[in-house]
Amino acid sequence: MPKPFRTVLVGAGKMGRNHLRVLGEDARFRVAAVVDPQVEKLLPGETSFRKATSLAELDAGDWDCAVVAVPTPAHAGCARELLERGRPLLVEKPLASTPAECAELVDMAERLGVPLAVGHLERLNPAVRKLAELLDGGWLGLPVHLSFTRVGGYPEAIEPGNNVLIDLAVHDLDVLRTLTGGVKVEASVCHSAWRTGVLDTAVNLLSTAGEPNASIHANWVTPAKIRTLRVTGTRGVCFVDYILQSCSMLGGNMLRRHFAGHYDFNSLLEEYRSTDRLELGVVKQEPLKIQLGELYRLLTGEKNALCTAREGAAAVALADEALRRAVQTVHEKAVGC
């Protein structure tokens, strides 16, 4: 077996520790170092890897690639420093806080010829992949609308500039782009429901390069985590649960059925109960482990399904446009327009 890729993990917070776990379970990788200003506090005791408080402490030749899992505002600076060292890296979503920072990183990676990927996990979710198969096979007919719901899970810490669009809705913006191609923000509404000055609730309306339009509802305040997607087509409706990794299809035209000429309440209930329902087979797997496999393919020069830097930048641009439109909407209401 080839030697494992010596990996530097930057960030030992909640997401960083998840990366540390899956890296430690994959023989194709070996954690060479973990970098975090509070690394001793977060990862106390003896470890098989080096612990460092800054990237400056890393030697030039004892690592092959890096995974960045620091808070969003630090993504750009950290990625910039690692790109200068010429090693492939994967940056947790979003790529950076602003379109300008993203553009700088994309340009830098392409100019230096350094592979740069973004950790948009949901595009790798087995249920989303199954949905893509349904769409590609025409099972839903002509797609009409995609409705995303991503709510719950208020962050433990709010960094300056954090908002529900750049840190949460960006997941579904990437999935929408992956499934449909080009996406345009048509309207957006945001507000602060829990903490003053922190936009924690958002509703976005979007159009796509193809036929369907879309809506995204994202918030941090719902007291239960819900991560779902409903796709309406002319031949059926598909329901995806990201967390349970389920994908089911409901429709009236999948099999030949009898339709009554009139309806009372009981016949309406019977129609609903007898509508064809199919549960698609989804092989469940942790998306973070799938992503690590795709990272291995990137490092070995194989075709992979990782989110590219340009794709990650496009998702941030959409989130930023939705934020800009939402701020404009609030302003117009305030001045009575």
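The coordinates are above.
Below, the structure is looked at part by part. (Residues numbered from 1 in each chain as written. Predicted model: local features only at pLDDT ≥ 70, side-chain atom pairs only at ≥ 80, totals over all residues. Heavy atoms only, no water.)

Our focus in this paragraph is the pattern of salt bridges. Per the stated rule, a full pass over the model turns up 19 salt bridges. The residue Arg50 makes a salt bridge to Asp59 at a minimum N-O spacing of 3.7 Å. The class for Arg50 is partly exposed, based on a relative accessible area of 34%. Between Asp174 and Arg123 there is a salt bridge; the shortest N-O distance is 2.9 Å. Of the two residues, Asp174 is situated in helix α6 (residues 164-180) and Arg123 in the loop between β6 (116-119) and α5 (126-137); the sequence distance between them amounts to 51 residues. We note that Asp174, like Arg123, is buried. Taken together, the shared-partner salt bridges in this structure form one network comprising Glu122, Arg150 and Asp172. (Salt bridge = Lys/Arg side-chain N within 4 Å of Asp/Glu carboxyl O. Buried < 20%, exposed > 50% of the residue type's maximum accessible area, 1.4 Å probe, protein only. Helix = DSSP H or I, 4+ residues; strand = E, 2+ residues; numbered from the N terminus.)

What follows deals with unusual backbone geometry. A cis amide bond links Lys93 to the next residue, Pro94, at an omega of -10°. Topologically, Pro94 is positioned in the loop between β5 (89-92) and α4 (99-112). Positive phi outside glycine occurs at Gln245, with the angle close to 55°. For Gln245, the location among the structural elements is in the loop between β12 (237-241) and β13 (246-251).

With respect to the helices, strands and loops of the structure, Asn204 is situated in strand β9 (residues 201-208). Aside from chain neighbours lying at most four places away, what touches Asn204 is Leu165, Ala169, Ala187, Ser188, Ala214, Ser215, Ile216 and Ala322. (Contact = heavy atoms within 4.5 Å.)

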